[in-house]
Amino acid sequence: ELYQHMLEEALAAAKGGAASNGATEEEWSPQITVGMPVLIPVRHATTRSIVQGYAAQAGCRCALGDPYMPARALLREGLARGVRYQAIVLEDSPDMDACAGARTVRRHAALAGTRIVLLTSTTAEVQVAALHAAGIAACLGKPVRRAALFESLGAQAASVQLPPPALEQDAPLAGRVL
């Protein structure tokens, strides 16, 4: 019941309505550049709608990607079309190795600076630490809160400690890692 209530509030806020309790959240982070391209390949339709609405409210230019393609492939497709996504918002799933996928993105020279935000229902501290070490900028619990998404999209990249990657140009993709 609580989860349903939170989803309803999030949908109302994403559609531009006020939360049912009248509370207002802080405005978006000043570090978010208006027009910042954000890729959102999220499987769950409600979550995708909420994230897209919040990102659009922050002035981001949103693109929905195929949630069944590896993140690196989606980002490389964007580069081929002349779009360098500054952030990608992914949804954790059992068939995805988020750490391996993040490391793969980080090794690609043109993608290394892309901010990776992971939506997850599991927020165990050990798991979050491993995800951050792999290069994921933020792990947000679902249902995602607008302020948390704004903060993760606007957070300074320097706050994420990325491992020093061995950069590659266009190595072939091996399996679905993210």
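Because the structure is predicted, anything quoted here is derived from the model rather than measured. (Residues numbered from 1 in each chain as written. Predicted model: local features only at pLDDT ≥ 70, side-chain atom pairs only at ≥ 80, totals over all residues. Heavy atoms only, no water.)

1. Brief notes about helix H3 (residues 71-80)
The condition that has to hold: Residue exposure (1.4 Å probe, protein chains only): buried if accessible area is under 20% of the type maximum, exposed if over 50%, otherwise partly exposed. Numbering of helices and strands runs from the N terminus, with a helix taken as a DSSP run of H or I at least four residues long and a strand as a DSSP run of E at least two residues long. By the convention used here, residues are in contact when the closest approach between their heavy atoms is within 4.5 Å.
What H3 keeps buried is the set Ala71, Arg72, Ala73, Leu74, Leu75 and Gly78. On its buried face, H3 is in contact with strand S1 (37-39), strand S3 (87-91) and helix H4 (98-107). Phi turns positive, to about 90 degrees, at Gly82, one or two residues after H3.

2. Notes on the confidence of the model for the protein
We apply this condition: The predictor attaches a confidence to each residue, and that confidence, scored 0 to 100, is pLDDT.
In this model, the protein carries an average pLDDT of 76, and 66% of its residues clear a pLDDT of 70 or more. Low pLDDT, under 50, characterises residues 156-174; the stretch is placed with 33 contacts to residues that sit more than four places away or in other chains.

3. Some points on the sheet that holds S3
This is how it is decided: Note on pairing: DSSP must find at least two bridges between two strands before they are called paired. In this analysis an axis means a line fitted to C-alpha atoms, helices contributing only their contacting stretch, and an angle means the value between N-to-C directions, from 0 to 180 degrees.
Reading across from one edge, S2-S1-S3-S4-S5 is the order of the five strands in this open sheet, with parallel pairing throughout. The open sheet is flanked by strand S2 (61-63) and strand S5 (138-141), the only strands paired with a single partner. Here the strands of the sheet are splayed against their neighbours by 25 degrees on average, with no regard to which way each runs. Pairing of S1 with S2 involves three bridges; the strand directions are parallel. Along S2, the bridge assignment pairs Pro37 with Arg61.

4. Things to note about the packing of helix H2 (residues 45-57) against helix H6 (residues 146-154)
Quick reminder of the rule: Note on convention: near helix rotated counterclockwise from far helix by under a right angle means a left-handed crossing. Clockwise means right-handed. Classes in brief: Ala, Val, Leu, Ile, Met, Phe, Trp, Tyr, Cys and Pro nonpolar; Asp, Glu, Lys and Arg charged; the others, Gly included, polar.
Axis separation between H2 and H6 bottoms out at 10 Å; the angle between their running directions is 60 degrees. Crossing of H2 over H6 shows right-handed handedness. On H6, the residues touching Val51, Tyr54, Ala55 and Gln57 of H2 are Arg146, Leu149, Phe150 and Leu153. Looking at side-chain class alone, the contact of H2 with H6 contains six nonpolar, one polar and one charged residues.

5. A word on the nonpolar core
Rules: Working definition of a nonpolar core: buried Ala, Val, Leu, Ile, Met, Phe, Trp, Tyr and Cys residues. They are joined through side-chain atoms within 4.5 Å.
Among the nonpolar cores identified, the biggest contains 21 residues, and Leu39, Leu75, Ile88, Ile116, Leu118, Leu131 and Ile136 are the most heavily contacted of them. If you list the elements that add at least two residues to this core, you get H3, S3, H4, strand S4 (115-120) and helix H5 (125-134). Not counting residues up to four positions away in its chain, the partners in contact with Ile88 are Leu39, Pro41, Ala71, Leu75, Thr114, Arg115, Ile116 and Val117. Of all hydrophobic cores here, the second largest spans 20 residues; its members include Met36, Ile50, Leu119 and Leu153.

6. Notes on the environment of Leu39
Looking at the element boundaries, Leu39 is found in strand S1. Residue class for Leu39 comes out buried when judged on its relative accessible area of 3%. Between the alpha carbons of Leu39 and Cys60 there is a distance of 9.8 Å; along the sequence they are 21 residues apart. Beyond its immediate chain neighbours, meaning those up to four positions away, Leu39 contacts Ala63, Leu64, Gly65, Leu74, Leu75, Tyr85, Ala87, Ile88 and Val89.

7. Quick look at the side chain of Thr114
Position of Thr114 relative to the elements: it lies in the loop between H4 and S4. Non-local contacts of Thr114, meaning those with residues more than four positions away in its chain, are made with Leu75, Arg84, Tyr85, Gln86, Ala87, Ile88 and Arg106.

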